Amino acid sequence: MASREIVPGIFWVGALDFDRRIFDELIPLPEGTSYNAYLIRGSEKTALIDTVDPTREFDLISNLVKLGIERIDYIVINHAEQDHAGTLPMVLEFFPDAMVVTNEKCRDQLIALLHLPPDKFKVIKDRETLPLGNRTLEFILTPWTHWPETQVTYLQEDKILFPCDLFGHHAASTSLYVSDRSEFYIPAKRYYAEIMMPFRGSIKGHLEKIRALKIDLIAPSHGPVHKNPHLILDAYADWISDDVKNEVVIPYVSMHGSTRKMVEHLTDALIARGVMVRPFNLTHTDIGELALSLVDAATVVIATPTVLFGPHPQVVYATYLANALKPKMRYASVIGSFGWGGKAPETIVKMLDHVKVEVLEPVMVKGLPDEKTLAALDRLADTIAQKHKENNIR
Ligand code: FEO
């Protein structure tokens, strides 16, 4: 993909990856992704903001060559992960006089990951500035906007924020810009759920600093550039808030139909009580869709058959993931069936140690659900609806 000029003297020089379908061998990428790098020409110095994934290194180098770039003075690295820093060794081969500009933690990561020599680095501190002549870069440390070393870069005169992973989304979009909420909202929310949600607490503090800047454009390292920055900033403010919605997520597996019957009964019972429900059959659920649903839901009910003495392994995987993503849900319960005993609810509840939830009475049945079990599910639906109402969860 050819480079494109964002404003005079500032170019997108990254790579689109239409074919990539999984990230970190974990996150599904239904729309591929992009690795955005940006070239900034100042009147005296030229800077490159981030690089690209090494699988696409020739795209970046070819964009720089075609632009006729003969010298790069600074390569700013906002984040040490491979998809943004992995092409650094090759860029340094082409531009051996360039200095790598980043914070101390990121420098240490880059030395560990890429075996770069320490004298190639210019280490910056929080709010430090770097003049390029008529343009000035300002660095703001934003640890845990994915990794502990993450930072964002602000181009003062042009009012452009380069936040790397933050505010991005995975899409190999040929549009340079997004300007409408409908164009990015769901993919960006899914990306937030998969990557940023565990760092909700850190992002809260960083968002305040970022919102204090005057920003005309947000140019992330995945997905298009935001032309109306307040839209993505407002979306993040909502996602990281403590507010939850009147929604129940039910991840489930059913081996012989009993747990499915319970899920269907509970789903109907909750709908009848005015609660929105999202059941996910884990045997074919896109794990990104499940993560997305956890951003706002007030309650999760995990439904599992008992395999030997514990929950189904697919349920264990989904529970582990949900716990690691640290959604802001307030209530959790477990339902399901067993053949001869077992401790599925205890095992699942123990796994939820990263989320602060009130555990509602589980409903487990031996074999097929009977009238008594269905009545217990109705009571669980009553309790959930009542808790949501009492706590003003809409
Ligand atoms: Fe896009 Fe944390 O890397």
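## Re the domain arrangement of the protein chain
Accessible area lost upon the coming together of the parts is a frequently used measure of interface size.
Reasoning step 1: By the assigned domains, the protein chain splits into domain 1 (4-239) and domain 2 (249-385).
Reasoning step 2: Each of domain 1 and domain 2 has a C-alpha centre, and the two are 38 Å apart.
Reasoning step 3: The interface is formed by 13 residues belonging to domain 1 together with 16 residues belonging to domain 2.
Reasoning step 4: Overall, the association of domain 1 and domain 2 removes approximately 1200 Å² of surface from exposure, summing both partners, and the carbon and sulfur fraction of that is 63%.

## Overview of the state of the cysteines
Reasoning step 1: Overall, the coordinates contain 0 disulfides when judged by the stated rule.
Reasoning step 2: Counting only cysteine sulfurs, Cys164 is the nearest neighbor of Cys106, a cysteine outside any disulfide, at a range of 8.8 Å.
Reasoning step 3: Residue class for Cys106 comes out buried when judged on its relative accessible area of 0%.

## Examining the pairing of strand 24 (residues 331-338)
Reasoning step 1: Here strand 24 lies mainly inside the structure; 7 of its 8 residues are buried.
Reasoning step 2: Note: strand 21 (residues 297-303) against strand 24, 5 bridges, orientation parallel. Of the residues in strand 24, the one forming a bridge with Ile302 is Val334.
Reasoning step 3: Note that strand 24 and strand 25 (residues 358-359) share 2 bridges and pair parallel.

## Observations regarding helix 8 (residues 258-272)
One turn of an α-helix holds 3.6 residues; hence residues three or four places apart share an orientation.
Reasoning step 1: With 15 residues, helix 8 should reach 21 Å at 1.5 Å per residue; the first-to-last C-alpha distance of 21 Å fits that figure.
Reasoning step 2: All buried positions along helix 8 are accounted for by Ser258, Thr259, Met262, Val263, Leu266, Thr267, Ala269 and Leu270.
Reasoning step 3: Summarising the contacts, the buried residues of helix 8 are in contact with strand 19 (245-252), strand 20 (276-281), strand 21, strand 24, strand 26 (363-366) and helix 12 (371-390).
Reasoning step 4: Where helix 8 terminates, the next one or two residues include Gly274, which has phi positive at roughly 80°.

## Notes on the nonpolar core
Reasoning step 1: Ranked by internal contacts, the top residues of the largest apolar core, which has 56 residues, are Leu161, Phe167, Tyr192, Met196, Tyr236 and Trp239.
Reasoning step 2: Residue assignment for this core shows that the elements contributing at least two residues are strand 14 (151-155), helix 5 (181-196), helix 6 (200-211), helix 7 (229-240), helix 9 (287-294), strand 21, helix 10 (313-325) and strand 24.
Reasoning step 3: For this core, the leading source of residues is helix 5, giving 8 residues.
Reasoning step 4: Both domains that furnish three or more residues to this core are identified here as domain 1 (4-239) and domain 2 (249-385).
Reasoning step 5: Setting aside chain neighbours within four positions, we find Met196 in contact with Thr145, His146, Asp165, Leu166, Tyr191, Ile203 and Tyr236.
Reasoning step 6: Of all hydrophobic cores here, the second largest spans 29 residues; its members include Tyr35, Ile75, Ala85 and Ala98.

## A short note on the pattern of salt bridges
Reasoning step 1: As enumerated under the stated definition, the model contains 19 salt bridges in all.
Reasoning step 2: Among the salt bridges present, the one from Asp382 reaches Arg273, with a minimum N-O distance of 2.7 Å. Here Asp382, found in helix 12, pairs with Arg273, found in the loop between helix 8 and strand 20; they are 109 residues apart in sequence, far enough to count as distant.
Reasoning step 3: When its relative accessible area of 39% is taken as the criterion, Asp382 is described as partly exposed.
Reasoning step 4: Across the pair Glu358 and Lys387 runs a salt bridge whose closest N-O atoms are separated by 2.7 Å.

## Notes on the packing of helix 5 against helix 9
Reasoning step 1: Contact pair helix 5 / helix 9: the axes reach a minimum separation of 8 Å and the direction vectors enclose 90°. The angle between the axes of helix 5 and helix 9 places the two elements in the roughly perpendicular class. Residues Ile186, Lys189, Arg190, Ala193 and Glu194 of helix 5 touch helix 9, and the partners they reach there are Gly288, Glu289, Ala291 and Leu292.
Reasoning step 2: Residues belonging to the contact of helix 5 with helix 9 are distributed by class as follows: 4 nonpolar, 1 polar and 4 charged.

## Some thoughts on the side chain of Ser293
Reasoning step 1: Turning to its location among the elements, Ser293 is positioned in helix 9.
Reasoning step 2: Taking the relative accessible area as the measure of exposure, Ser293 reaches 6% and is therefore buried.
Reasoning step 3: A polar atom in the side chain of Ser293 sits 2.7 Å from the backbone oxygen of Leu290.
Reasoning step 4: Apart from the residues lying within four places of it in its own chain, the contact partners of Ser293 are Glu247, Val249, Arg278 and Phe280.

Definitions and limits used
Residues numbered from 1 in each chain as written. Predicted model: local features only at pLDDT ≥ 70, side-chain atom pairs only at ≥ 80, totals over all residues. Heavy atoms only, no water. Domains from an automatic or database assignment. Contact = heavy atoms within 4.5 Å. Buried area = accessible area lost by both parts, 1.4 Å probe. Disulfide = S-S within 2.5 Å. Buried < 20%, exposed > 50% of the residue type's maximum accessible area, 1.4 Å probe, protein only. Helix = DSSP H or I, 4+ residues; strand = E, 2+ residues; numbered from the N terminus. Pairing = 2+ DSSP bridges. Expected span 1.5 Å × (residues − 1). Core = buried A, V, L, I, M, F, W, Y, C linked by side-chain atoms within 4.5 Å. Salt bridge = Lys/Arg side-chain N within 4 Å of Asp/Glu carboxyl O. Axes fitted to C-alpha atoms, helices over the stretch in contact; angles between N-to-C directions. Parallel < 35°, antiparallel > 145°, perpendicular 65-115°, else oblique. Nonpolar A, V, L, I, M, F, W, Y, C, P; charged D, E, K, R; others polar. Polar contact = N/O pair within 3.5 Å; in protein donor to acceptor, adjacent residues only side chain to side chain.

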